[in-house]
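A closer look at the structure
Next come the chains, spelled out residue by residue.
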Amino acid sequence: MKTIIKHNTKNYTIDLSQPLDISIPITGKSTNVNAWYVDPPKIGPHTEGEFIGKVTEGASTNFNDISFNPHAHGTHTECVGHITEEFYSVNKSLSKFFFMAEVITIAPEKIKGDFVISKKQLQYALGNKNREAVVIRTIPNLRDKMTRQYANTNPPYLLESAAQLLVDKGVEHLLIDLPSVDKEKDDGALLAHKTFWNFDGKRRLEATITEFVFVANTIKDGKYFLNLQLAAFENDASPSRPVLYLIEES
């Protein structure tokens, strides 16, 4: 199933039958990826009186309750409402779902004891490319990112100047394979979040940050079309399923 997309006066061909899913699903297991010091998500049959919502327990259907935190338990997309007193819903902020994206791979560098993604690294990886979305894969890139327990591990993060570079290049949607673009414990500074959303100026209300993606090593760096799928929660963040499509050579 192929389609032609016209983007900035140029036609691109993609195969819709060959999606590259870069999301991490939410499971009801203790091995679910986790951050921010919360318990694992829970998925289990709803119970009420003698009723147990499970076919093997005599119910006509499986009828599960699900408890999770979108920021802690898997791939999620967030809007500026994540850090504002005012309520902003990511379901309202994200009104378009297809974007030209660039996948880049970066080995965070050690600065003052932390591993960080710097402006210089982003400049080198992006060059003069201007994309609506940027997907950052960090290395080493092992499959244990799908189940890693990040609390109290001080994962890599973006420097403020790196976030500003993305803003200057017009990037509206940032995707990264880390639990946050900011340092795990930064006393609430949230420098990368605030910079990316221009928190203290004219806020970028349509810009989004997607965290906890997993970009398999079989996906090469380069240009893709991104379909950023979102669960329709009226919340600052929602579980999401970003899917890449390889652009066919003409």
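What counts, and at which threshold
Residues numbered from 1 in each chain as written. Predicted model: local features only at pLDDT ≥ 70, side-chain atom pairs only at ≥ 80, totals over all residues. Heavy atoms only, no water. Buried < 20%, exposed > 50% of the residue type's maximum accessible area, 1.4 Å probe, protein only. Helix = DSSP H or I, 4+ residues; strand = E, 2+ residues; numbered from the N terminus. Arc of directions from axis to C-beta. Axes fitted to C-alpha atoms, helices over the stretch in contact; angles between N-to-C directions. Contact = heavy atoms within 4.5 Å. Nonpolar A, V, L, I, M, F, W, Y, C, P; charged D, E, K, R; others polar. Phe/Tyr/Trp six-rings, centres within 6.5 Å; stacked < 30°, edge-to-face > 60°.

Under an unreviewed UniProt entry, the name given to the chain is Kynurenine formamidase, and the source organism is Arenibacter echinorum.

Along helix 2 (residues 119-126), the residues that are buried comprise Gln121, Leu122 and Leu126. Mapping the buried residues of helix 2 onto a view down its axis gives an arc of 115 degrees, with all of them on the same face. Seen from the buried face of helix 2, the exposed residues on the opposite side, beyond 90 degrees, are Lys120 and Tyr124. Positive backbone phi, at 55 degrees, marks Gly127, one or two positions downstream of helix 2.

Our focus in this paragraph is the packing of helix 2 against helix 3 (residues 160-168). Axis separation between helix 2 and helix 3 bottoms out at 7 Å; the angle between their running directions is 35 degrees. In this structure, helix 2 uses Lys119, Leu122, Gln123 and Leu126 to contact helix 3, whose residues at the interface are Ser161, Ala162, Leu165 and Leu166. Here the residues of the contact of helix 2 with helix 3 sort into five nonpolar, two polar and one charged.

This part covers the packing of aromatic side chains. On inspection of all chains with the given rule, the structure shows six aromatic pairs. Seen from their ring centres, Phe51 and Phe63 are 6.3 Å apart, and the 70 degrees between their planes marks the pair as edge-to-face. Of this pair, Phe51 sits in strand 6 (residues 51-52) while Phe63 sits in the loop between strand 6 and strand 7 (64-67), placing them twelve residues apart in sequence. Here Phe51 falls in the partly exposed class, since its relative accessible area comes to 35%.

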